[in-house]
Amino acid sequence: MSGRFVRSSKYRHVFGRSTKKDQCYDNLRVSRNAWDTNLIKVNPKHLAVNWEAGGGGAFAVIPLEERGKLPERIPLFRGHTAVVLDTDWNPFNDDLIASGSDDGKVFLWRVPENFTVRPDAEADDIKDIAPVGKLSGHPKKVGHVLFNPAAENVLATASGDYTVKIWDIEAGAPKLTLNVGDVVQSQSWSGNGSLLVTTSRDKKLRVWDVRQERPAHETNGHSGAKNSRAIWLGERDRIATTGFSKMSDRQLALWDIRAVREPISGFKTLDSISGVCMPFWDEGNSILYLAGRGDGNIRYFEIENDKFEFLSEYKSADPQRGVAFMPKRGVNMHENEIARAYKTVNDSYIEPVSFIVPRRSDNFQDDIYPPTLGLAPAMSSSEWLSGKEAIPPKISMASLFDGQGLKEVAGVQDKPTGTIDAPEPKAAAEPVAKKPEPAAPKATPEPVPEPTPVARPAPSMKEQGGAMAAMVNKFADDEDESEPTDDDSSFEEVPKPVERARSTVTESTSPRVSSPLRPNEPETKPEPKPEPRTTTPTISSPASQPSLAASAVHRDIEEIKNLIAEQTRTIASQAQQMQTLTSEIESLKSKLT
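Everything numeric in this text was worked out from a predicted model, so none of it was measured. (Residues numbered from 1 in each chain as written. Predicted model: local features only at pLDDT ≥ 70, side-chain atom pairs only at ≥ 80, totals over all residues. Heavy atoms only, no water.)

### Digging into the nonpolar core
At step 1: With 33 residues, the main nonpolar core has Leu47 and Tyr342 as its most contacted residues.
At step 2: When residues in this core are grouped by element, the largest group, five residues, is from strand β6 (residues 57-63).
At step 3: Judged by nonpolar contacts, the second largest core, of 27 residues, contains Ile287, Tyr314, Ile338 and Met397. (Core = buried A, V, L, I, M, F, W, Y, C linked by side-chain atoms within 4.5 Å. Buried < 20%, exposed > 50% of the residue type's maximum accessible area, 1.4 Å probe, protein only. Helix = DSSP H or I, 4+ residues; strand = E, 2+ residues; numbered from the N terminus.)

### Considerations on unusual backbone geometry
At step 1: Residue asparagine 346 is not a glycine yet carries a positive backbone phi of 55°.
At step 2: Tracing the chain through its elements places asparagine 346 in the loop between β30 (337-345) and β31 (349-356).
At step 3: For aspartate 347, which is not glycine, the phi torsion reads 55° and is therefore positive.
At step 4: Secondary-structure assignment places aspartate 347 in the loop between β30 and β31.
At step 5: Assessed through its relative accessible area of 13%, aspartate 347 is described here as buried.

### Details of the pattern of salt bridges
At step 1: According to the stated counting rule, one finds 32 salt bridges in the structure shown.
At step 2: Residues aspartate 182 and arginine 201 are paired through a salt bridge, measuring 3.1 Å at the closest nitrogen-oxygen approach. You can see aspartate 182 sitting in the loop between β16 (173-179) and β17 (184-189) and its partner arginine 201 sitting in the loop between β18 (195-200) and β19 (204-209), a full 19 residues away along the chain.
At step 3: Relative accessible area serves as the criterion here: at 14%, aspartate 182 is assigned to the buried category. (Salt bridge = Lys/Arg side-chain N within 4 Å of Asp/Glu carboxyl O.)

### Side note on the UniProt feature "coiled-coil region" (unreviewed entry) in the protein
At step 1: The residues that UniProt annotates with the feature "coiled-coil region" (unreviewed entry) are residues 557-591.
At step 2: Regarding residues 557-591, the helix share stands at 100% and the strand share at 0%, and the terminal C-alpha atoms are separated by 51 Å. (UniProt positions renumbered as here; feature names shortened; annotations may be inferred.)

### Observations concerning the sheet that holds strand β27 (residues 298-304)
At step 1: Taking strand neighbours across the sheet as the criterion, the four strands line up as β25-β26-β27-β28 in an open arrangement whose pairing is antiparallel. Here the strands that pair on one side only, and so sit at the sheet edges, are β25 (277-282) and β28 (307-314). Averaged over neighbouring strand pairs, the angle between their axes works out to 25° when direction is ignored.
At step 2: Relative to β28, β27 runs antiparallel, the two being bridged by seven bridges. Bridging from a neighbouring strand, phenylalanine 301 pairs with phenylalanine 310 of β28. (Pairing = 2+ DSSP bridges. Axes fitted to C-alpha atoms, helices over the stretch in contact; angles between N-to-C directions.)

### Description of the packing of aromatic side chains
At step 1: A full pass over the atoms with the stated rule returns 19 aromatic pairs.
At step 2: Ring geometry for tryptophan 255 versus phenylalanine 267: centroids 5.9 Å apart, planes at 75°, classification edge-to-face. With tryptophan 255 in strand β23 (residues 250-256) and phenylalanine 267 in strand β24 (residues 259-271), this residue pair connects regions lying 12 residues apart in the sequence.
At step 3: Under the relative-accessibility criterion, tryptophan 255 is labelled buried at 1%.
At step 4: Judged by relative accessible area, phenylalanine 267 falls into the partly exposed class, the value being 31%.
At step 5: Ring centres of phenylalanine 325 and phenylalanine 355 lie 6.2 Å apart, and the angle between their planes is 15°; this geometry places the pair in the stacked category. One end of the pair, phenylalanine 325, is in strand β29 (residues 323-325); the other, phenylalanine 355, is in strand β31, with 30 residues separating them in the sequence. Here phenylalanine 325 matches phenylalanine 355 in class, with each residue buried. (Phe/Tyr/Trp six-rings, centres within 6.5 Å; stacked < 30°, edge-to-face > 60°.)

### Some words on the pairing of β30
At step 1: Within β30, nine of the nine residues are buried, which leaves it mostly tucked inside the rest of the structure.
At step 2: Relative to β30, β29 runs antiparallel, the two sharing three bridges. Residue pairing in the sheet places phenylalanine 325 in a bridge with alanine 341 of β30.
At step 3: Pairing of β30 with β31, which is carried by eight bridges, proceeds in the antiparallel orientation. Across the sheet, residue glutamate 337 finds its bridge partner in β31, namely isoleucine 356.
At step 4: The antiparallel pairing of β30 with β31 creates a hairpin that spans three residues between the two strands, and asparagine 346 there sits at a positive phi of about 55°.

### Quick word on the side chain of lysine 394
At step 1: By the element assignment, lysine 394 lies in strand β33 (residues 394-395).
At step 2: A polar contact is formed between the side chain of lysine 394 and the side chain of glutamate 235, at a distance of 3.0 Å. (Polar contact = N/O pair within 3.5 Å; in protein donor to acceptor, adjacent residues only side chain to side chain.)

### Considering the environment of leucine 28
At step 1: Examined against the element boundaries, leucine 28 turns out to sit in the loop between β3 (25-26) and β4 (40-42).
At step 2: Leucine 28 gets classed as buried once you look at its relative accessible area, which sits at 5%.
At step 3: Counting along the chain gives 32 residues from leucine 28 to alanine 60, while the straight-line C-alpha distance between them is 9.2 Å.
At step 4: Ignoring anything within four residues of it in the chain, the contact list for leucine 28 reads Trp51, Ile62, Leu70, Asp347, Ser348, Tyr349 and Ile350. (Contact = heavy atoms within 4.5 Å.)

### Considering the sheet that holds β18
At step 1: Taking strand neighbours across the sheet as the criterion, the four strands line up as β17-β18-β19-β20 in an open arrangement whose pairing is antiparallel. Two strands close off the open sheet at either side, each with one partner strand: β17 and β20 (214-220). Geometrically, the sheet is characterised by an average inter-axis angle of 20° between neighbouring strands, direction not taken into account.

### Focus on the environment of proline 358
At step 1: Tracing the chain through its elements places proline 358 in the loop between β31 and β32 (372-373).
At step 2: For proline 358, a relative accessible area of 47% corresponds to the partly exposed category.
At step 3: A sequence separation of 345 residues divides proline 358 from histidine 13, and the C-alpha atoms of the two residues are 7.0 Å apart.
At step 4: The contacts of proline 358, once residues within four sequence positions are left out, are His13, Val14 and Phe15.

### So, the side chain of serine 159
At step 1: Tracing the backbone shows serine 159 in strand β14 (residues 154-159).
At step 2: Relative accessible area serves as the criterion here: at 4%, serine 159 is assigned to the buried category.
At step 3: Of note is the side chain of serine 159, whose polar atom sits 3.3 Å from the backbone oxygen of lysine 140.
At step 4: Beyond its immediate sequence surroundings of up to four residues, serine 159 is in contact with His138, Lys140, Lys141 and Val142.

### Regarding the pairing of strand β5 (residues 46-51)
At step 1: Of all six residues that make up β5, six are buried, and the element is covered over most of its length.
At step 2: Side chains His46, Ala48 and Asn50 project from β5 onto one buried face, and the interleaved Leu47, Val49 and Trp51 project onto a second face that is buried too.
At step 3: Relative to β5, β4 runs antiparallel, the two being bridged by three bridges. Paired with lysine 41 across the bridge in β5 is alanine 48.
At step 4: Turn length for the β4-β5 hairpin, with the two strands adjacent in sequence and antiparallel, is three residues.
At step 5: Judged from the six bridges that link them, β5 and β6 form a sheet pairing that is antiparallel. Each residue of the ladder has a partner; that of leucine 47, found in β6, is isoleucine 62.
At step 6: With antiparallel pairing between neighbouring strands as the criterion, β5 and β6 make up a hairpin whose turn holds five residues, including glycine 55 at a positive phi of roughly 70°.

Here it is as structure tokens:
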């Protein structure tokens, strides 16, 4: 085992857990239309399903708590004159949904209050739900509908007329039109809602400057004849695409929007299965999920240093045609669930699949639940159309864990960051620069309650080494200070103890909210120790100065000794862990032989 290293990640052991049949959503009639969409969409309250219905198109909305076998007759959302091809929930209103159909119409629907699929009425007396708004403007079928993730009431619709229209649904009119030139196969908004990426039948990947109605970048995508998908990686300037090679192998690619000519590190071959890969992005955990259309597997990758690091794969013998992922504010944090997928099975029922980080603690795990998007938009439709760019405010996952409802977190950046690997340090730069200001002697108002102290983990060997280096450098002459060692490698030794770094972020209502925006704060704590001695005025006589300096040296030497002793104990414990692991491996080898 000597010389073997594995990548350090909190998500290496994430596993997918299926749901018992009686806790699924059974007796459904999922649409059998061959159009390539996800067929189902979910939010924390409802599940929308494209329905196989006669006499025009329809879709069903199922409240998440109403599990089990559905009645033969349920109230449907009916109004289209042809089959429903795609739906999308409004990100800022869990009761508002848009639908696109083969009839070229886009309808808006509102889920009635206390809606149920098991109404207390006879089957013949069950009434369907009618739309509350209609958007007409496409002469051909509308295959994709997608709400803007930052601006309220802005909707993108892709049609068979080779265009994407941008609607202000409050005004009920199309405001912008993007001429793609071929059938759109997928579309995805950037985190601040200013850019849109599309893939199309002409095998082109286009990044649109939507308000200018022109492509900012255009390049050749996957070369295969089958459909490709693109998804914007949240607030980052990266795009992930899935598609096929000329030999019909499934591929995965990562693109930098500042240099879109070629994907970063080329096209990654996945396998030779014929089903389209449906990508889903988890912004908080930097995990990309790929669900195969026509097979039962969901594999997932962590994106780190512009690389797809394979984590694991959820395997199932039940093939899926449609998949939807729950927004992060709807996961079950009490079971350490970081994601939940809903997959169709045999077009007759929908099975939830939970992705769980295996931990024993019942406390809130702030390192795997950073602040996430809530229900507040960053801007109105008119502000967006006038050119505004902003990221919606984040909410605290800790407040949801404690049952306190949605609480916004302060100190969130307003625009996407420039690189995929450095969003957190940029956001942390401003709070760190402002930190010395409250220490000025002028500020003596009434006492402000301090945040609840957070238990810090024991210092790692890296942190102890940095503290020792800072202590020793005080006695060096005016030489160049050695930079702290910041290992950029994504690998670590197997026996490294699990670290659960906790950081604080200012919040208007809850002081216990944590954030990943200031990961380097623990390393800056030891430095203020020597400052009281350097700022103290020298009042003593010249004869007493040498004795003061000597006492200061002795104190620092004692601190160095204590650090060395603590590091020695850490090394001893890790050596014991190595010995235990080695003995376990030897016993396993003996059993295998």
